[in-house]
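Remarks on the overall topology
Each chain, written out:
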Amino acid sequence: MILFLQILLIVSSLLLVLLVLLHRGRGGGLSSLFGGGMQSSLSGSSVVEKNLDRLTLFVGAIWIIAIVGIGLLVKVN
Amino acid sequence: MLGAFRSALATPDLRKKILFTLGIIVVYRLGATVPAPGVSFKNVKECVEEIDQQGIYSLINLFSGGALLNLSIFALGIMPYITASIIIQLLTVVIPRFEQLKKEGQSGQGKLTQYTRYLTIALAVLQSTGIVALAVRGQLFQNCSVDVIPDSSIFTLIVMVVTMTAGTSVIMWLGEIITEKGIGNGMSLLIFTGIAARIPTEGQNILQRGGLTFFLVCVAALLIIASVIYVEQAQRRIPVQYAKRMIGRRMYGGTSTYLPLKVNQAGVIPVIFASSLLYLPDLISRLTTSTTSEPGWWQTFVQTHLVSQSSPVHISLYFLLIVFFTYFYVGITFNPDERADEMKKFGGFIPGIRPGRPTAEYLRFVLGRITLPGSLYLGIVAILPNLFLDLTGTGQNQNFPFGGTAVLIMVGVGLDTVKQIESQLMQRNYEGFLR
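What comes next concerns the included structure. It should be emphasised that the depicted structure is a prediction, and the values quoted were computed from it without experimental measurement.

Moving on to the nonpolar core. Where a protein is soluble and globular, its nonpolar side chains tend to be buried together. Core analysis: the biggest nonpolar cluster contains 104 residues, and A:Trp63, B:Ile82, B:Met160, B:Val228, B:Tyr318 and B:Leu408 have the highest contact counts within it. Of the residues forming this core, the biggest block, 13 residues, is contributed by helix α8 (residues 154-181) of chain B. Two domains share this core, each providing at least three of its residues, namely domain 1 (1-197 + 403-435) and domain 2 (210-399) of chain B. Not counting residues within four places of it along the chain, the set of residues in contact with B:Met160 comprises B:Ala36, B:Pro37, B:Val39, B:Val132 and B:Ile149. By size, the runner-up hydrophobic cluster in this structure holds six residues, among which are B:Ala8, B:Leu14, B:Ile183 and B:Ile421.

The structure is reproduced here in structure tokens:
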């Protein structure tokens, strides 16, 4: 069971990294402070971004469940 | 002041933004307490108490809000992202293609951001491997009696590294959605949360040393905070006169405004950069030290001079790095030639100075002069707690939340965020927080 969760965790982690990287860098974070006035474009979030957000949340939920699950199983054993 | 709060919460979309930001911060703090799979939470607690924080990782632990020493899934915090942006920014000076991208405007900037994000993941893999390796070899907590990671098979370790890397990417995403949908700058807000989360425990530590000390520290902290705000708000106003011009039948321009130049144009970025750069040699030296053999000469050098916060080498290096990064950052963000060009285009000029190149030179001159006290101030405030080693206990001084780096970051980020809320309020004709 633990092994299954661990494999699930690895897969979801890799997916999560991939999904986050697929997001358009919105000039978030420190690099926006650098550019000097790279205002976030007015074009709002597209449908792609919205779906990507949803997918990221979903994978993130699996990721958390796997982590907490492993933690609980280890504690029980 | 309270009225401004009420009107901020009464505006529907501003309220939504503030609540969204708070929600993300809660998620971040929750994640920072979840231990990574394979880490024995009980043993970690024991070790932390046993060694009582030697202060070696204090700065990095400060940025992650205590998550690092707990070996949580968000252990790395936003450190990889900060390091990645420093590297990319330094590379724009060296690599012509990056410089070209930077000048390209929005699409080029987007590409640079994307590079930064890739680099962040790469650094996260490196750093998490480093941290996990340190923890397994028992170097993260030196002289601790129990094992932090009970099951040290390769597979468990790989799971930990992968999880921490994914945690870093999640933090990056959280920061980005705060910037996009919430209020304030996501990354700096997350740093702010990490520091603020430590205030209660640190305050308790000081309270145990006696009521008078606590009172004195509080007074000193208030004084420091007030003076930091005073300098942060200081600016030089260069008058700019706009020429009148007729377009069709209407008259434009003819107004006189000013160009504000802040004394501390760079904000808290130089402090963050300098401290994260100082941390790197420490990490490298620890990774290359083997547990059995004697440490090499440069490793002992790093440990005695760079890591120890009371050593004059550490203090002066920190100071110099801050001064350097202040100039560097101001040089990147404020381009006098561009400003002068813009002014010329719209028919503006500084009284007594010809538009074009002389204006650019004048701006550069004023900026160079004004940045000197700004950088000195940043450096002095940052190294201030190193001078009061006795009061705060050895090793505790840098992450001491009432002075130095922590106060600079907290006040800077706080002011920024309040200003953003205020500008949103102004759009709706409410009175703001600041007068």
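Residue and element names in this part refer to chain B. Overall, antiparallel pairing links the three strands, which are arranged β4-β1-β5 in an open sheet. Two strands in the sheet have a free side with no partner beyond their single neighbour: β4 (256-262) and β5 (348-349). The pairing of strand β1 (residues 235-242) with β5 spans two bridges and is classified as antiparallel. Bridge assignment links Tyr242 to a residue of β5, and that residue is Gly348.

Moving on: helix α2 (residues 12-33) of chain B. Residues and elements named next belong to chain B. Here α2 is 22 residues long and its end C-alpha atoms lie 32 Å apart, about the 32 Å a rise of 1.5 Å per residue gives. Of all the positions in α2, only Leu14, Ile18, Thr21, Ile24, Ile25, Tyr28, Gly31 and Ala32 are classed as buried. Taken down its axis, α2 places every buried residue within 150° of arc, on the same side. In α2, the exposed positions angled more than 90 degrees off the buried face are occupied by Pro12, Lys16, Leu19 and Leu30.

Moving on to the side chain of B:Ser72. Mapped onto the fold, B:Ser72 is located in the loop between α4 (58-63) and α5 (79-94). Setting aside its immediate chain neighbours within four residues, B:Ser72 contacts B:Gly31, B:Ala32, B:Thr33, B:Val34, B:Pro35, B:Ala36, B:Ala67 and B:Met164.

This paragraph deals with a nonpolar patch on the surface. A contiguous nonpolar patch, built from A:Leu3, A:Ile7, A:Val11, A:Leu15, A:Leu18 and B:Phe155 and spanning about 540 Å² of accessible area, is present on the exposed surface. The element best represented in the nonpolar patch is helix α1 (residues 2-22) of chain A, accounting for five residues. Residue A:Ile7 is classed as partly exposed on the basis of its relative accessible area, which comes to 44%.

Looking at chain direction, β1(B) and β4(B) are connected through seven bridges and run antiparallel. Each bridged residue has a counterpart across the sheet, and for B:Pro239 the counterpart in β4(B) is B:Tyr258.

Residues and elements named next belong to chain B. On inspection of all chains with the given rule, the structure shows six aromatic pairs over all chains. When the centroid spacing of 5.9 Å and the interplanar angle of 25° are considered together, the rings of Phe324 and Phe328 count as stacked. With a gap of four residues between them, Phe324 and Phe328 both fall in helix α14 (residues 312-333), about one helical turn apart. What links up through ring pairs into an aromatic cluster is the set Phe273, Phe324, Phe325 and Phe328.

The rules behind the values
Residues numbered from 1 in each chain as written. Chains lettered and ligands numbered in written order. Predicted model: local features only at pLDDT ≥ 70, side-chain atom pairs only at ≥ 80, totals over all residues. Heavy atoms only, no water. Core = buried A, V, L, I, M, F, W, Y, C linked by side-chain atoms within 4.5 Å. Buried < 20%, exposed > 50% of the residue type's maximum accessible area, 1.4 Å probe, protein only. Helix = DSSP H or I, 4+ residues; strand = E, 2+ residues; numbered from the N terminus. Domains from an automatic or database assignment. Contact = heavy atoms within 4.5 Å. Pairing = 2+ DSSP bridges. Expected span 1.5 Å × (residues − 1). Arc of directions from axis to C-beta. Patch = residues over 30% accessible without salt bridge, like charges linked within 9 Å, V, L, I, M, F, W, Y side chains within 5 Å. Areas by Shrake-Rupley, 256 points an atom, 1.4 Å probe, with all protein chains shown as cover. Salt bridge = Lys/Arg side-chain N within 4 Å of Asp/Glu carboxyl O. Phe/Tyr/Trp six-rings, centres within 6.5 Å; stacked < 30°, edge-to-face > 60°.

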